[in-house]
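Coordinate inspection notes
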Amino acid sequence: MPKIVCVHSFRDGVGKTTVTANLAALLVGRGLRVCVVDTNFNRPELHRQFGKTDSDFSHALSDFLAGDCPADKIVYEITPALGKSKGRVYLIPAHSNSKREKQITREGFDPTLFREGLDEIATAHHIDIFLIDGAAGIDHAALPIFAVTDLLAIVMRLGNEDFQGTGVLVEIADKMEVPHSFLVVCDVPDSYDFNNVRGEVERVYGREVGAVVPHVEIPPGLGKTGITAIDFPNSPMVLALSEVAKRIVHWKG
Ligand SMILES: Nc1ncnc2c1ncn2[C@@H]1O[C@H](COP(=O)(O)OP(=O)(O)OP(=O)(O)O)[C@@H](O)[C@H]1O
Ligand SMILES: [Mg+2]
């Protein structure tokens, strides 16, 4: 059975896509077969992290969810985007600016069909881990994703704008009985005491912090492949995210 990991946040622009792409690289570096899934139906960006453009893909997740194509049409191997790697990485993209994506955001989709599609793809490509890059907030697309999620990484930044929304996500994870949820505090300036941040955030939300990810001076996206975990493996951001990669690997359900 593949593990299904969802990377979500209440507010946008907090680092979900950066976390998803770098976790994929770290897990693939351990020899695993990973499939990243773009469910940011409002603004799909995940493919760009791997150097891909919209025209590289003819089919997307929404085509399968609408019953227009079989699951095997929506998955693309993108391993070469990581340079030389031990494992494999695949992508299930979303279409940019399509009516179908907008409809999914408004009306949601069937979680059972989604799960069946992922299972079929897992069997065909021997996928160990799905990493789902979500859209910020709680719209109709978020709940069916949480319904199939084994591990939910709730990404947040320090600051008041995120405070209540992150708490709402923690509550929803519990109400929906997501088996394991944890927080990832992103883009934390060096001036903070990271141990204090971890302790305080855990106290406030009553949830474990999987990583406190520092603000990095070389912004994510630069370098040869554009993926920090490949280009700058000793970056403090990557070292922090490797804690999350370990958590995913060791989680047994
Ligand atoms: N640790 C970090 N240090 C410096 N910059 C960062 C860090 N993490 C993310 N960023 C930058 O923050 C911006 C937002 O990141 P990203 O696109 O991953 O967020 P997101 O949550 O996926 O956004 P959206 O909700 O729009 O999908 C990007 O420009 C990214 O390069
Ligand atoms: Mg994003």
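The notes below deal with the structure included here.

**Thoughts on helix 7 (residues 160–175)**
With 16 residues, helix 7 extends 24 Å from end C-alpha to end C-alpha; this agrees with the ideal 22 Å at 1.5 Å per step. Where helix 7 is concerned, the buried positions are Asp162, Thr166, Leu169, Val170 and Ala173. An end-on view of helix 7 places all buried positions within 100° of arc, on one side of the element. Those residues of helix 7 that are exposed and angled more than 90 degrees off the buried face are Asn160, Gln164, Val168, Glu171 and Lys175. Contact partners of the buried residues in helix 7: strand 1 (3–9), helix 6 (142–148), strand 6 (151–156), strand 7 (180–188) and helix 8 (194–205). Once helix 7 ends, the next one or two residues include glutamate 177, with phi positive near 55°.

**As for the sheet that holds strand 6**
With mixed pairing, the 8 strands of this open sheet are ordered in space as 3-4-2-5-1-6-7-8. Edge positions in the sheet fall to strand 3 (76–77) and strand 8 (209–214), since each has one partner strand and no second. Summarising the sheet, strand 2 (residues 33–38) and strand 5 (residues 129–133) pair through 5 bridges and their orientation is parallel. Across the sheet, valine 36 pairs through a bridge with leucine 131, a residue of strand 5. Strands strand 1, strand 2, strand 4 (88–92), strand 5, strand 6 and strand 7 of the sheet are contacted by helix 1 (residues 16–29), whose axis makes an angle of about 165° with strand 5.

**Remarks on the packing of helix 1 against helix 10 (residues 236–250)**
At a minimum axis separation of 9 Å, helix 1 and helix 10 run at an interaxial angle of 70°. The angle between helix 1 and helix 10 places the two elements in the roughly perpendicular class. With respect to the hand of their crossing, helix 1 and helix 10 are arranged in right-handed fashion. Between helix 1, through Val19, Asn22, Leu23, Leu26 and Leu27, and helix 10, the contact on the second element is made entirely by Val238, Leu241, Ser242, Val244, Ala245 and Ile248. Grouping the constituent residues of the contact of helix 1 with helix 10 by class yields 9 nonpolar, 2 polar and no charged.

**Concerning helix 5 (residues 111–125)**
Its 15 residues place the ends of helix 5 21 Å apart at the C-alpha level, agreeing with the 21 Å of an ideal helix rising 1.5 Å per residue. Every buried residue of helix 5 is accounted for by Phe114, Gly117, Leu118, Ile121 and Ala122. Buried residues along helix 5 cover an arc of 135° about the axis, so they all sit on one side. Exposed residues pointing more than 90 degrees away from the buried face of helix 5 are listed as Thr112, Thr123 and Ala124. Packed against the buried residues of helix 5 are strand 1, strand 2, helix 3 (61–65), strand 5 and helix 6. Downstream of helix 5 by a residue or two, histidine 126 has a phi angle that is positive, lying close to 55°.

Cut-offs applied
Residue positions are given per chain, counted from 1 along the sequence in the order it is written. Naming scheme: in the order in which they are written, chains are lettered from A and ligands are numbered from 1. Given that this is a predicted model, residues contribute local features only at a pLDDT of at least 70 and side-chain atom pairs are listed and counted only at 80 or more, while totals for whole chains, interfaces and linings are drawn from all residues. A helix here means a DSSP run of H or I that spans at least four residues, while a strand means a run of E at least two residues long, and both kinds are numbered starting from the N terminus. A helix is expected to span 1.5 Å for every residue after the first. Whether a residue is buried, exposed or partly exposed is read from the other C-beta atoms within 10 Å of its own C-beta, which are placed from the backbone; 20 or more gives buried, 12 or fewer gives exposed, and intermediate counts give partly exposed. Each direction from the helix axis to a C-beta atom contributes to the arc, which is the arc of those directions. Once C-beta atoms are placed from the backbone, any two residues with those atoms within 7 Å are in contact. Paired strands, as defined in this entry, are two strands with at least two bridges between them according to DSSP. Angles shown run from 0 to 180 degrees and are taken between the N-to-C directions of axes, each axis being a line fitted to C-alpha atoms and, for helices, limited to the stretch in contact. Here is the rule for angles: anything less than 35 degrees is roughly parallel, anything more than 145 is roughly antiparallel, 65 through 115 is roughly perpendicular, and the remaining ranges are oblique. Handedness of a crossing follows from how the near helix is turned relative to the far one, being left-handed for an anticlockwise turn of less than a right angle and right-handed for a clockwise one. Residue polarity is assigned by list, with Asp, Glu, Lys and Arg as charged and Ala, Val, Leu, Ile, Met, Phe, Trp, Tyr, Cys and Pro as nonpolar; anything else, Gly included, falls into the polar class.

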